[in-house]
Number of protein chains: 2
Amino acid sequence: MSDKPVTIKDVAREAGVSAMTVSNVLNGRGRVAETTAQNVRDVVERLGYRPSVAARRLRLSQQWTIGMLIVVEDPDFLSDPFITAQVTGLTNYLTAHAYSLILRGIKPSDFRTSGLFQDIEADGMVAILSGDEVQRKWFVSELATLRVPFVLLQEHQRPAHDDCTIIRQDDFDGGRQIARHLIANGTRTCWMLMPQTEWPAMRARMEGVASVWREAGLPPPEVIRCADESFDVNYAETLAALRSRKAPDAIVGGNDQMAVGAMKACIAHGLRVPEDIQITGFNAFDFWRYVDPVLTTVRSAAHALGERAAAELIARLQAATFSSHEIILPVKLEPGASTRS
Amino acid sequence: MSDKPVTIKDVAREAGVSAMTVSNVLNGRGRVAETTAQNVRDVVERLGYRPSVAARRLRLSQQWTIGMLIVVEDPDFLSDPFITAQVTGLTNYLTAHAYSLILRGIKPSDFRTSGLFQDIEADGMVAILSGDEVQRKWFVSELATLRVPFVLLQEHQRPAHDDCTIIRQDDFDGGRQIARHLIANGTRTCWMLMPQTEWPAMRARMEGVASVWREAGLPPPEVIRCADESFDVNYAETLAALRSRKAPDAIVGGNDQMAVGAMKACIAHGLRVPEDIQITGFNAFDFWRYVDPVLTTVRSAAHALGERAAAELIARLQAATFSSHEIILPVKLEPGASTRS
DNA sequence: CTGAAAGCGCTTACAG
DNA sequence: CTGAAAGCGCTTACAG
C-alpha cells in the first residue's frame, strides 16, 4: 500500500488492458467484453482506484461544480436562516445531480479586491448580493467576467447581462397578503419597521403593504427606520416610538426578528397583543413559533429558491441559454395569534 | 472576444514570450526582467486571462480545497445553527487562506452508497458524523480510504486512524457548570431531556450534570427520552411527564430548543419559571433570548470549532502530521432568568 | 472488441 | 534572463 495515488495506468497494467479500456469500463462507453469489464472492475476494487477529478476536469473542461457567492457585510453570513435555507436547497439539489458546491462568503468592501472569487472555477455561479444599486451593478459586471452562467437570488432588478437569470420570491405580494389580512380585521393605522440599509426584498414587502393601504383609501403607513435588523435595536426603536406618539393599530416588521423585537416592546409598554396592537413578521423561520403569542407571518420560499437556482443552472448548462430570465416564487400568509382574525 | 477561454499560450504568443515566462511572472517565481514582466501583466489584463485551476491542480496534484461532509438524517441539515456556525467558521478561515470549501450533506443511510463523497477531490476533509458507534466507525474507515487528512468535529471517540484529529467542545464541563449552578441555588431533583438517538455531545452534557449530582450525594437525575429534538415533541413529552408524576426542581434540556419546549410545557401546566421550576438549555443560539424568561444556557464554541478545524487541517497540510489528535474547546455558562441565582 | 496517439493547460527541472 | 521538453491523469476520435 504505497502512498502514491493509483492511476488509470496502474489499473490498466494490472488488468492487462489499455488505459482507455479501463476508462470505457468505468464510464460505460464503447463496447467492452463483459469478462474484460468484470476483470477491470475487480482490479479497480482491489487497488482502490479512484479517478482523478482534476484530470477529468481538465480533459473535459467541465467542472461539475457550482460556486455560491454570498456578498454580505456580516462575516457570520450563514447565521441568517434565509441564507442557510437557500444554501441547503442548493446543495441538496446539486448533490442529487452529482454537482459539487463551492461556498464563499465575501464582504461588499472586499469585492473590489478581485481574486476573491476569480479563483473559483465552476460551471456556473449563484450569488446573493447586497448593497445599493450601484454596487450591485458592479458585482454583476464582475461576475460576468467569469464567463459562466449565473443566477442572482433575491434580486429585483434584471441585469443587463444576458447569460444570467434572477430568482426571487414575491415579497411584494407577501406584503399585500399581510395588509389585506390586517385591513380585513379593521386595522387602519400602521407602522412599518425597516432597517436603515434597505434591501430590495424588504422594500418590496413594504411597498406591497403600502399599495393595499392606498387602494383602501387609508392614510399611508408610517415607516420607522431602525439601525439594523437585530432584536435589540428594533425593541429599543419601537419602544421609543411608542413613548413619543400614539400607538398604531398594527406594526408590520420587515422580518420575524424585527417583529419579535417590536412585540416585546409593545408588551413592555403595557399593550396587549393582539387586543391593543397587532404584529406581523415575515419569513416563518423556526423561532417565530416559540414566541408568545405566535407570530402572524409569511412563509418564505427560501429553500425552494435555492433548489430552483440549482435546477435552472443545470438546465442552462445542458441547453445553451436560460429558459427564463426572471423567476418569481409565491409566498403564503401564515396567520398566528399576534393578529386578530 | 471569442468564447474560447484564454490560455497561457495565448498570453505567451501575444506577449512574444514563452508560456513558462508567463507562468513565472504570474507566480513570482524565477527572475524575470521587469520590462518583460510588466508587458506580460498588461497582456494578461487585456486578454482577461485567468489561469485554469484544473490544470494547475492536475500538475501540482494539490487542490486548495477542503471538503466538508455533514452526515445527518435531516436533509435540511443547515437549519441546525450548531452546524451552520461550524461551517461559517470553517469557510471564513479557509477563504482567508485561499482555500475553497466543498460542502456536502449526506444521510447516514446513503453513506454505504459510496461515491457520494468519493468524488470530492480535496486536500483534506472535515466531517460531522452522527449515528451509533458502529456506524461512526464505519464512516471513519470509509473516510480513511480517501487518503487525505481529516478532522472530525464534535467527535468524542478517538478513532484508530492516524492521519486525523478530533475537535470538540467540552460538553461534559458544560453540563457540570449547569449542575453546579443549579445545586448552588438549592436544586435537588432534576429531569434531563434527551433525544432518542443520543449523540455523544449530548450524552457528555448529561454525564456532566449527573457527575455533579453524584458528587453532591443527591439521587441521580431522571432521564426523559424524547422522540427527537424538536420543540413540539419536547413540549408534549414534558407535559405528559408533568401530568404523570411530581414535578422536579429543574429540567435540563439537551439543547436550547428542547429546553424551550419544556419551558412552555411547564407554563402550560401552571408552573412558574423559575419560581416553581427551573429550566436550562445548551448552545446559546440566537432565539434563546427571545424566550420569556430568557433561558439559562451554555455558550457553545461552534464557530471556533469550525475555525480550528480549518487551521489544524491547513497546518497539517504544511507539516506532515497533525500536531495533536484531540482538541477540546471550553464552553461557558450563560445565566438567564429561567433559573434562580 | 481493443489500443496507440494526441491533447486539455499548466509547471518543474534542466539547458542555454 | 528565457525557452524546449516532459509530464500530471484523464478521454476523444480514429484505426485496427
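Residues numbered from 1 in each chain as written. Chains lettered and ligands numbered in written order. Predicted model: local features only at pLDDT ≥ 70, side-chain atom pairs only at ≥ 80, totals over all residues. Heavy atoms only, no water.

Attention shifts here to the relation of the copies chain A and chain B. Expressed as a screw operation, the relation of chain A to chain B combines 0.2 Å of axial shift with a rotation of 180 degrees, fitting to an RMSD of 0.2 Å. Seen this way, the second copy is the image of the first under a two-fold rotation axis. Most of the interface of chain A is mirrored in chain B, where 100% of its interface residues are also at the interface. (Least-squares fit on C-alpha atoms with pLDDT ≥ 70 in both. Contact = heavy atoms within 4.5 Å.)

What follows covers the interface of chain A and chain B. Each side of the interface is counted separately: chain A has 49 residues, and chain B has 49 residues. Taken together, both faces of the contact between chain A and chain B bury some 4000 Å²; the carbon and sulfur share is 50%. On the chain A side of the contact with chain B, Arg50, Arg147 and Tyr290 of chain A bury the most area, a combined 17% of that side's loss. Between the two partners, chain A and chain B, sit 0 salt bridges. Taken together, the links from chain A to chain B amount to 10 residue pairs in polar contact (both at pLDDT 80 or more). Contributing elements (two or more residues each) for the side of chain A that touches chain B: helix H4 (53-60), helix H5 (81-96), strand S2 (100-106), helix H9 (231-244) and helix H10 (256-268) of chain A. The class makeup of the residues in the side of chain A that touches chain B is 22 nonpolar, 14 polar and 13 charged. (Buried area = accessible area lost by both parts, 1.4 Å probe. Salt bridge = Lys/Arg side-chain N within 4 Å of Asp/Glu carboxyl O. Polar contact = N/O pair within 3.5 Å; in protein donor to acceptor, adjacent residues only side chain to side chain. Helix = DSSP H or I, 4+ residues; strand = E, 2+ residues; numbered from the N terminus. Nonpolar A, V, L, I, M, F, W, Y, C, P; charged D, E, K, R; others polar.)

This part takes up the protein's contact with DNA strand D. Taken together, 23 residues lie near DNA strand D, and Ser23, Arg56 and Arg59 of chain A together with Met20 and Arg31 of chain B sit nearest. Within the contact set of DNA strand D, a phosphate oxygen lies 3.2 Å away from a side-chain nitrogen or oxygen of Asn27 of chain A. Of all the elements in the fold, those that place two or more residues in the surface near DNA strand D are helix H2 (19-27) and H4 of chain A together with helix H2 (19-27) and helix H4 (53-60) of chain B. Among the elements that make up the surface near DNA strand D, the one with the highest residue count is H4 of chain A (4 residues). Its residues placed into classes, the surface near DNA strand D shows 10 nonpolar, 7 polar and 6 charged. (Near = heavy atom within 4 Å.)

Now for a negative patch on the surface. Residue and element names in this part refer to chain A. Judged by side-chain charge, Glu73, Asp74, Asp80 and Asp110 come together as a negatively charged surface patch. The residue Glu73 is located in the loop between strand S1 (65-71) and H5 in this model. Looking at Glu73, the relative accessible area reads 48%, which means it is partly exposed. (Patch = residues over 30% accessible without salt bridge, like charges linked within 9 Å, V, L, I, M, F, W, Y side chains within 5 Å. Areas by Shrake-Rupley, 256 points an atom, 1.4 Å probe, with all protein chains shown as cover. Lys, Arg positive; Asp, Glu negative; His and termini not counted. Charge placed at Lys NZ, Arg CZ, Asp CG, Glu CD. Buried < 20%, exposed > 50% of the residue type's maximum accessible area, 1.4 Å probe, protein only.)

Around DNA strand C, 23 residues are found, and the nearest of them are Met20 and Arg31 of chain A together with Ser23, Arg56 and Arg59 of chain B. For DNA strand C, the fraction of atoms within 4 Å of the protein that belong to sugar or phosphate moieties is 70%. Here Arg56 of chain B contributes a side-chain N or O atom positioned 2.7 Å from a phosphate oxygen of DNA strand C. Within the residue set of the surface near DNA strand C, elements represented by two or more residues are H2 and H4 of chain A together with H2 and H4 of chain B. No other element matches H4 of chain B, which puts 4 residues into the surface near DNA strand C. Here the residues of the surface near DNA strand C are counted per class, giving 11 nonpolar, 7 polar and 5 charged.

With the exception of glycine, most residues fall at negative phi, and the peptide bonds are largely trans. Residues and elements named next belong to chain A. Cis geometry is found at the peptide bond from Val273 to Pro274, where omega equals 10 degrees. Within the secondary structure layout, Pro274 lies in the loop between H10 and strand S9 (278-280). Even without a glycine there, the phi angle at Trp64 is positive, about 50 degrees. Taking relative accessible area as the criterion, Trp64 reaches 21% and is therefore assigned partly exposed.

Turning our attention to the pairing of strand S11 (residues 326-329) of chain B. Residues and elements named next belong to chain B. Covered by surrounding structure in S11 are Ile327 and Leu329 only, the residues Glu326 and Ile328 on the alternate face being uncovered. Examined bridge by bridge, strand S5 (residues 164-169) and S11 share 4 bridges and lie parallel to one another. Bridge assignment links Arg168 to a residue of S11, and that residue is Ile328. (Pairing = 2+ DSSP bridges.)

Residue and element names in this part refer to chain B. Packing of H2 against helix H3 (residues 34-47) brings their axes to within 10 Å, and their N-to-C directions diverge by 90 degrees. Looking at the two axes, H2 sits roughly perpendicular to H3. Here Thr21, Val22, Val25 and Leu26 of H2 come into contact with H3, specifically with Thr36, Ala37, Val40, Arg41 and Val44. Class assignment of the residues belonging to the contact of H2 with H3 gives a composition of 6 nonpolar, 2 polar and 1 charged. (Axes fitted to C-alpha atoms, helices over the stretch in contact; angles between N-to-C directions. Parallel < 35°, antiparallel > 145°, perpendicular 65-115°, else oblique.)

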